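These are the residues of each chain, in order.
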Amino acid sequence: MREPGAGGGTGRVAAALDTLAEHNDVGWLGYVIDIGVAVSFFGSTMGVMAGTSRTVYTLSRDGLLPARLGNVSARHGTPVGAVATLGVIYLVAGLLGVMVTAAETSYGLLGTYAGYMLIAAYGLTALAAGYCAVRSRSLRLGIGLATVLAAIGSALVYWYSFNPFPSGARGVVAWIFFATVLGYIALYCYLRLRKPLVFARIGESDRKTTLEVDADERAGATR
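Reference entry: report on the structure contained in this document. What you see is a predicted model, and the numbers here were worked out from it, not measured in a lab.

Calculation notes
Here the residue index of a chain counts from 1 through its sequence in written order. Residue-level local features of this predicted model are given only where pLDDT is at least 70; pairs of side-chain atoms are given and counted only at 80 or more, and the full residue set underlies all totals for whole chains, interfaces and linings. The side-chain figures draw on all heavy atoms in the structure; neither hydrogens nor water molecules are used. Think of it this way: any DSSP run of H or I at least four residues long counts as a helix, any run of E at least two long counts as a strand, and we number them from the N terminus. To estimate how far a helix should extend, the number of its residues minus one is multiplied by 1.5 Å. Accessibility here uses a 1.4 Å probe with only protein chains present; expressed as a share of the type maximum, an area under 20% marks a residue as buried, one over 50% as exposed, and anything in between as partly exposed. This arc is taken over the directions from the axis of the helix to the C-beta atoms. Working definition: rings of Phe, Tyr and Trp (its six-membered ring) pair if their centres are within 6.5 Å, and the pair is stacked with planes under 30 degrees apart, edge-to-face with planes over 60 apart, and tilted otherwise. A fitted line through C-alpha atoms represents every axis, and for helices the fit uses only the stretch in contact; the resulting angles, taken between N-to-C directions, go from 0 to 180 degrees. Angles are sorted into four bins: roughly parallel if under 35 degrees, roughly antiparallel if over 145, roughly perpendicular if 65 to 115, and oblique for all others. In a left-handed crossing the near helix is turned counterclockwise from the far helix by less than a right angle, and in a right-handed crossing that turn is clockwise. Throughout, a contact is declared for two residues whenever any of their heavy atoms are within 4.5 Å.

Some remarks on helix H3 (residues 80-100)
Counted at 1.5 Å a residue, the expected span for H3 with its 21 residues is 30 Å, and the 30 Å between its end C-alpha atoms agrees. Taken together, the buried positions of H3 are occupied by Gly 81, Ala 82, Leu 86 and Gly 97. Buried positions in H3, seen along its axis, are confined to an arc of 125° and lie on one side of it. Of the residues in H3, the exposed ones pointing more than 90 degrees away from the buried face are Val 88, Leu 91 and Met 99.

Regarding the packing of aromatic side chains
Here the structure, examined in full by the defined rule, presents 12 aromatic pairs. With a centroid separation of 6.0 Å and an interplanar angle of 25°, the aromatic rings of Phe 162 and Phe 165 are classed as stacked. Of the residues examined, Phe 165 reaches a relative accessible area of 34% and is grouped as partly exposed. With a centroid separation of 6.3 Å and 25° between ring planes, the pair formed by Phe 162 and Phe 177 is classed as stacked. In this pair, Phe 162 is assigned in helix H5 (residues 141-162) and Phe 177 in helix H6 (residues 168-194), connecting sequence segments 15 residues apart. On the accessibility criterion, Phe 177 (5% relative accessible area) is buried. Ring pairing ties together the aromatic residues Tyr 116, Tyr 158, Phe 162, Phe 165, Trp 175, Phe 177 and Phe 178, which thus form one cluster.

Looking at H5
Between the first and last C-alpha of H5 there are 32 Å, a value that for 22 residues agrees with the 32 Å anticipated at 1.5 Å per step. Along H5, the residues classified as buried are Thr 147, Ser 154, Tyr 158, Ser 161 and Phe 162. Down the axis of H5, the sector holding all buried residues measures 85°, keeping them to one side. More than 90 degrees from the buried face of H5, the exposed residues found are Leu 141, Leu 149, Trp 159 and Tyr 160.

What about the packing of helix H2 (residues 28-61) against H3?
Relative to each other, H2 and H3 sit at 130°, their axes nearing to 9 Å. It follows that H2 is oblique to H3 by the angle criterion. As for how H2 packs across H3, the hand of that crossing is right-handed. Note on element contacts: H3 touches H2 through Ala 82, Val 83, Leu 86, Gly 87 and Tyr 90, opposite Thr 45, Val 48, Met 49, Thr 52, Ser 53, Val 56 and Tyr 57.

Side note on unusual backbone geometry
Look at the link from Asn 163 to Pro 164: it is a cis peptide, with omega at 5°. Of note in this structure, Arg 137 is not a glycine but carries a positive phi near 60°. When you line up the elements, Arg 137 lands in the loop between helix H4 (103-135) and H5.

Set out below in structure tokens:
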């Protein structure tokens, strides 16, 4: 996550592999690399959308977000409301990024922010799994080891990302990440302390059995 222009080597080049291919008289390979990057970016975006759409869908079914975001495709059973909404948001964010700066710079900045958020999500999920295992008295060596390794790995990623602290545009991205985390913490504390009934509904639909969900959907269809 090095700032372009800082340090040495390929950190100075926007498309290092393309430049390397051109330098070694195999410039055509750069087109193959670009296609691979595009496919990778598309796959990463779809992966993120799959996870975030599920979160949006669950919060909608719990009554914490607009009901339209919980719409499900009658044919495929997929959360079309959440997927379509997030698709529009991602599209707008990508277009704004390209309009503000170069495409490769926008790709790098958005990818950096997404990376920060994903590492936080993965780390917290692993810690939550370990905590649940302890509470349910089902903690085993494998679970404990995986929890510790996930925590250490996440901490190392942030250590090398913020030491030294990034400058320029990537520094702004880092501060936006910190602001996002603080915002989520503040929202969590507010709901837990001031809106306990609302807080208790979070994840309610995920805790239901398949039969309960089917019954709710049939009841909603007859209204």
